[in-house]
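# Architecture at a glance
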Amino acid sequence: MSVTALELPAEIRVELEALHADNETRRIESLVALHGSPLMIIDCDRVREQYQALYRALPGVTLHFALKPLPHPAVVGTLLQEGASFDLASSGEVDMVQAAGVPAEKTIHTHPIKRDSDIRHALDYGCNVFVVDNLNELEKFIAYRHQTELLVRLSFRNSDAYADLSKKFGCSPDAAIEIMQRAKDLGIHIKGLSFHVGSQTAQPGKFVQAIEACRAIMQRCIELDLPALSTIDIGGGFPFDYHGDVPAIDDFCAPIRDALAELPDTVKVIAEPGRFIVASAVTSVSSVMGQAERDGKIWYYLDDGIYGSYSGNVFDHGKYPIDALHDDGERFPSVLAGPTCDSIDVVAEDILLPKLNNGDLVIGRLMGAYSIVTATEFNFFRKATLVVENDTSESCTVTSLKLG
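Sequence order sets the numbering: in each chain, residues are counted from 1 along the sequence as written. In keeping with the predicted nature of the model, local features appear solely for residues at pLDDT of at least 70, side-chain atom pairs appear and are counted solely at 80 or more, and the whole-chain, interface and lining totals rest on all residues. With hydrogens and water excluded, all non-hydrogen atoms of the structure serve as input to the side-chain values.

## Section: the overall build of the protein chain
Comment: elements are numbered from the N terminus, with helices defined as DSSP H or I runs of at least four residues and strands as E runs of at least two. For the protein chain, the helix and strand inventory stands at eleven helices and 17 strands. Three exposure classes are used, based on accessible area relative to the maximum for each residue type with a 1.4 Å probe and protein chains only: buried under 20%, partly exposed in between, and exposed over 50%. Counting over 404 residues, the protein chain shows a buried share of 52%. Here, residues are in contact when the closest pair of their heavy atoms is within 4.5 Å. Nonlocal contacts in the protein chain, meaning residues at least 24 apart in sequence, comprise 69% of its contacts between residues at least 6 apart. Computed with the Shrake-Rupley method and a 1.4 Å probe, the accessible areas treat only the protein chains shown as cover for residues. Of the roughly 18,500 Å² of accessible surface on the protein chain, a fraction of 51% belongs to carbon and sulfur atoms.

## A look at helix α8 (residues 205-223)
For α8, which comprises 19 residues, the first-to-last C-alpha distance of 27 Å matches the rise-based estimate of 27 Å (1.5 Å per residue) to within 8%. Considering only its buried residues, α8 is in contact with α7 (173-186), β7 (190-194), β8 (231-233) and α9 (249-261). Immediately downstream of α8, the backbone of D225 shows phi near 60 degrees, a positive value. Given the number of residues in a helix, its expected span is that number minus one, multiplied by 1.5 Å.

## Overview of unusual backbone geometry
A cis amide bond links S37 with the next residue in sequence, P38, at an omega value of 5 degrees. Within the secondary structure, P38 sits in the loop between α1 (10-35) and β1 (39-43). At D295, a position not held by glycine, the phi torsion is positive, near 55 degrees. Residue position: D295 is located in the loop between β10 (282-294) and β11 (297-302). Although it is not a glycine, N390 sits at a positive phi angle of roughly 60 degrees. Positionally, N390 belongs in the loop between β16 (385-389) and β17 (398-400).

## A word on the nonpolar core
Core analysis: the largest hydrophobic core is formed by 106 residues, its most contacted members being M180, F195, I234, F238, I256 and L336. Element by element, the count of residues in this core is highest for α8, at eight residues. Here, nonpolar core refers to any group of buried Ala, Val, Leu, Ile, Met, Phe, Trp, Tyr and Cys residues whose side-chain atoms link them within 4.5 Å. Grouped together as the second largest cluster of nonpolar side chains are ten residues, L31, I41, L325 and V387 included.

Below you can see the structure in the form of structure tokens.
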């Protein structure tokens, strides 16, 4: 019987952890020496691990990675190697997956509101599954009724989510029936239903309630002699454990699996995970530009901040684990501020840090979702350079963060 890490004596485990930390420190310092600062380092192995964890937790569910939290060729290439499908919401995302060689049949276009040019652009690529949530949107597909299949998006409000996505999109069950009746008259094919219970949903019961509502609507379609529905898209929102207060994904998905088991065997289930796949994959590296003592605290001014990689503090309720790369020594009440001249550009207040010198490195972890995608170059401070590690796809390994 082999000895697992958990069976090792405590003193050996401590030595191994210290060795790992030392290796990481040297690796980060080498990257900064090569590329400068600030950096965002994406580890494709973490993308693989998270995808496979969710894949195991939702057997039989086709996972369409939502590009929104981290649209990068290395992420797309890595997930394509793992067998993933993709969820698109814009023509730019269509262009990215097409350039990465993703087969169009592995994609869906789920933005509920689209321009005619967006529909045509996706169809030219070969993506033919779209989402609607109102009659105005449905009528846009009259001209494409022989080329497309549609999902009707339902609204399930969730005030506990990071972002209640049903506030902006989705319709009621009665409105969904009306859309499907009108689609039947127009000769437009409705293949199923979709929903999104909200980003970073804390309770699996929200998924269960939505799945049960979908099952009831599918039964109503039969009773009303509407075409049978073959697909349910359960969206995203699977929570990532930022602070140690989220159950393991297999445990979280257990009630979801039970609810899905009640669906007819003929129903295909798909999902749109984003944050869960990439949140842990990115580490931020910034350096101290200068420092000052204010009101009994040391202010460290970094070369990255709220207008840059830490934009998730504003747009995504981000509370990332942050520490000095060299974290030994006594700690003092400190403030981390970004480089711009704007007073709101403060990354962290009341944080305990060792005494830092100009040029020392500060590390932010778990920053893969909704951070670099909303970064700007306000005040002409450049965005971080993205360095990709463990990428076995054909994408490039170092790129400036120019995702637009």
